[in-house]
Amino acid sequence: MTAGGAACARPKMAACRQITSMETGKNIEDHLKVHKMKKKILRKQIRAQHTLMRHEGIECISHATQSLVIANAGLGNGMSRRQLHRIVENYGMVETLLMPPNKPYSFVKYESTEEAKKAFDALNGKEVTLEDSDQDIVLYCNFVEKVCWKNSVPTSLPPDLKVIENIISPEEERKMLESIDWRGDENAQNAQKTLKHRRVKHFGYEFRYDNNDVDKDKPLPGGLPEICIPFLEKCLKQGYIKHKPDQLTVNQYEPGQGIPPHIDTHSAFEDEIISLSLGSEIVMDFKHPDGHTVAVMLPRCSLLVMTGESRYLWTHGITPRKYDVIQASELGQKVGTITADVRDLTLKRRETRTSFTFRKVRRSSCNCIYLSVCDSQKGQQRQAEPSFPHNDLEASELEQEYVHKVYEEIATHFSSTRHSPWPRVVEFLRSLPEGSIVADVGCGNGKYLGINRDLYMIGCDRSKNLVDICGEKDFQAFVCDALSVPIRSGSCDACISIAVIHHFSTAERRLAAIRELARLLKPGGMALIYVWAMEQEYKNQKSKYLKEKHGSKDKEEASNTGMSQRLLDGQKPDSSCRGSACSDRLLDDSEDKGCAAKQVVDSTLPVHTNRTSFHSQDMLVPWHLKGGIKKKGTSVDEVSFPAGCKESQELSPVFHRYYHVFREGELEAACRSLDCVRILKNYYDQGNWCVVLEKL
């Protein structure tokens, strides 16, 4: 090569090296981006795992299976069944696709583990655009052992509620819709309002939203529209109503609009209220004061008839949203309740709906039987104020009225607020050997029964309604008394009693409950006991109960009911485990530690103010059955009433639960009075005194 050729080659080689260097740099940069994205996806996966475990009790696993849980792909965040099925079927044959109502995740089961693994790799971090929406979401997947979701038992309509299909023809519907002139101004003879969530017109009488009533002395001119008269005569002839209505409210709802849960004021209108759905179908939510809800599909051109209990006791409302969860197999044609069959639910986009709601103005006071929510009879229902019990019979009666009956009434609402297992209880259960037999005495809604799948766990509770909820989750549980559990003596490797014993109203009954736990244990078996503490501020730290003063309305304790059914045949207390002294000794031991229980003797039980420090050991703690959308710090997903409205005041029954809060040392003293157990550990955990016992 000549010198000139060598000189010419050098710049080319330098350029090549520069290009190679640039390519190498770009490759490194791309590699770093991919690595960063993988780390982000892994971080999101782990967060999804923790959220599913903490809030739903769903445990994700690290090894591949046939089943996946896909976060952000649920009905709750706008993913339809059709769209999700199209996505997941790209990776294999789908055996099962479960979409729980109002949840932001779904389950998919493939025919093979290989197909599931293929979907897992492809879908993690995948961005998709929701149908009928510009919203982009990112999917995150985790493996689960199996797809298992207990469908809710099919629900019936609320009592005294009817839905009549095709009550009018499409032509009649068209004429009724055209008769309403929404261009009218506020000074028109019918009262027209443009509310925040809908447009509304009143005929006959104006319904006043400021006081939820009508001015019976100021009828609107013109009466009801003439076009409605034939329809109302038809309803009278068919027996759907007994009185001819004289008041009409016309509401127009655009997609995304709704109306808060409410009961039409008792004193304002007679029993029968009928509502005609025009233009589109809608899902209306009905709710009983105990928290039980029923979603009812109101088809287009159908008539809703509310009388009796459904009119006076249940709230009804329309959740503001653009989609309704409905049955997939009968899209838009389902009449009655929306059954929570997770294999057959999807979303349907709402359209403009107009409702004609007819009422008869009441001219006298309401005398219904639902005193707790009746404005005409407010305050007429009084109960004797409970006093501290002086003997076992009085104690049993107090617990029956202010523990057992209350939990039966509030079971559904109570369960909806009890979904987060306490970490140290979970730690105890996961520390037990595989195959251990464990009894959860006072299991409530069963939130601990599925924590460790390597255990054989069985639950029991006094509340039949809470036990039924356990059954809906496929947990083994039965109704019984915590003082007489129908399980053979010495048959359990471990027991837990979480927030139960503080519902017994005498020292003797609390000691008997601990003795019953010990009877169930094998020698060497352990029991974990939690009770509410008098000291809600301990070592200069406020408990979660006090910290959340402006948050959820009731303490996040494990559900329990104290329980009170009788011992089954042949079950007697184990004589090897009896108190070494009577309850007097127990109280003496407590006094030696300066922790004497200050009982409310010869006086009525005080009512505690929620989220405040305790001033008495024996008291009644209120439980409010309220509606409300989920606000920051609250634990219930509902729709709230406007402040000061009658519904917020009168549709919120308050139940009172009896509690005995334990002073420091009191629980240990009770346990030490039994000669068949020893204390392995005692500690304070977020406002509770806790002990771990071992059977000797």
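To start, this report covers the structure provided alongside it. (Residues numbered from 1 in each chain as written. Predicted model: local features only at pLDDT ≥ 70, side-chain atom pairs only at ≥ 80, totals over all residues. Heavy atoms only, no water.)

To continue, consider unusual backbone geometry. In the Ramachandran plot, Asp 474 falls in the positive-phi region, its phi being about 65° despite a non-glycine side chain. Inspection of the secondary structure puts Asp 474 in the loop between α9 (464–472) and β26 (477–479). The partly exposed category is assigned to Asp 474, whose relative accessible area is 43%. At Ala 499, a residue that is not glycine, the phi angle is positive and equals roughly 60°. On the secondary structure map, Ala 499 appears in the loop between β27 (492–498) and α10 (507–520). (Helix = DSSP H or I, 4+ residues; strand = E, 2+ residues; numbered from the N terminus. Buried < 20%, exposed > 50% of the residue type's maximum accessible area, 1.4 Å probe, protein only.)

A few words now on the packing of aromatic side chains. Ring pairs (aromatic) are described by centroid distance and by the angle formed between their planes. Tallying each qualifying case throughout the model produces 16 aromatic pairs. Relative to Tyr 545, the ring of Trp 532 has its centre 5.1 Å away and its plane inclined at 80°; by these criteria the two rings are edge-to-face. In this pair, Trp 532 is assigned in strand β28 (residues 521–532) and Tyr 545 in helix α11 (residues 544–547), connecting sequence segments 13 residues apart. For the residue pair Trp 532 and Tyr 545, the accessibility class agrees, reading buried in each case. Counting every residue linked through ring pairs, the aromatic cluster contains Trp 532, Tyr 545, Phe 614 and Tyr 659. Of note, Lys 201 hangs over the ring of Trp 182, and the distance from its end group to the ring centre comes to 5.8 Å. The ring of Phe 269 has Arg 359 lying over it, and the distance from NZ or CZ to the ring centre is 5.0 Å. (Phe/Tyr/Trp six-rings, centres within 6.5 Å; stacked < 30°, edge-to-face > 60°. Lys NZ or Arg CZ within 6 Å of the ring centre and 35° of its normal.)

Bending of helix α7 (residues 392–416) peaks at approximately 70° at the position of Ile 410. Where α7 begins, one side-chain oxygen reaches toward the backbone nitrogen of Leu 393, 3.1 Å away; that side chain belongs to Asn 391. (Bend = angle between axes of the 7 residues up to and from the residue. Polar contact = N/O pair within 3.5 Å; in protein donor to acceptor, adjacent residues only side chain to side chain.)

Among the surface-exposed residues, Glu 59, Glu 145, Glu 434 and Asp 454 lie close enough to one another that they form a single negatively charged patch. Along the chain, Glu 434 turns up in the loop between α8 (423–430) and β24 (437–441). For Glu 434, a relative accessible area of 69% translates into the label exposed. (Patch = residues over 30% accessible without salt bridge, like charges linked within 9 Å, V, L, I, M, F, W, Y side chains within 5 Å. Areas by Shrake-Rupley, 256 points an atom, 1.4 Å probe, with all protein chains shown as cover. Salt bridge = Lys/Arg side-chain N within 4 Å of Asp/Glu carboxyl O. Lys, Arg positive; Asp, Glu negative; His and termini not counted. Charge placed at Lys NZ, Arg CZ, Asp CG, Glu CD.)

It is worth spelling out the sheet that holds β26 at this point. In spatial order, the strands read β26-β25-β24-β27-β28-β34-β33; together these seven strands make up an open sheet with mixed pairing. Edge positions in the sheet fall to β26 and β33 (677–684), since each has one partner strand and no second. Strand-to-strand twist of the sheet, defined as the mean angle between neighbouring strand axes without regard to direction, takes the value 15°. Where β27 meets β28, six bridges bridge the pair, whose relative direction is parallel. Pairing of Ile 498 across the sheet is with Tyr 530, part of β28. Against the sheet, α9 engages β25 (456–461) and β26, with an angle of about 165° to β26. Across the sheet, α10 is in contact with β24, β27, β28, β33 and β34 (688–695); its angle to β28 comes to roughly 150°. (Pairing = 2+ DSSP bridges. Axes fitted to C-alpha atoms, helices over the stretch in contact; angles between N-to-C directions. Contact = heavy atoms within 4.5 Å.)

Spatially, the five strands line up as an open sheet ordered β1-β7-β2-β4-β3, and their pairing is antiparallel. At either margin of the open sheet sits one strand with a lone partner, and together these are β1 (60–61) and β3 (94–98). Bridging between strand β2 (residues 67–71) and strand β7 (residues 140–144) involves five bridges; their strand directions are antiparallel. Bridging across to β7, Ile 70 finds its partner in Cys 141. Helix α2 (residues 81–88) rests against β2, β3 and β4 (105–110) of the sheet, and its axis sits at about 145° to β3. Running at roughly 155° to β7, helix α3 (residues 113–123) makes contact with β2, β4 and β7 of the sheet.

So, about the packing of α7 against α9. It is at 7 Å that the axes of α7 and α9 come closest, and there the two elements cross at 35°. Only Lys 464, Asn 465, Leu 466 and Ile 469 of α9 make contact with α7, whose side of the interface consists of Tyr 407, Glu 408, Ala 411, Thr 412, Phe 414 and Ser 415.

This paragraph deals with the side chain of Glu 131. Within the element layout of this structure, Glu 131 appears in the loop between β5 (127–129) and β6 (136–138). Within the structure, Glu 131 has its side chain in polar contact with the side chain of Ser 80 (distance 3.3 Å). Those residues in contact with Glu 131 that lie beyond four places of it in its chain are Ser 80, Arg 82, Gln 83, Arg 86 and Tyr 323.

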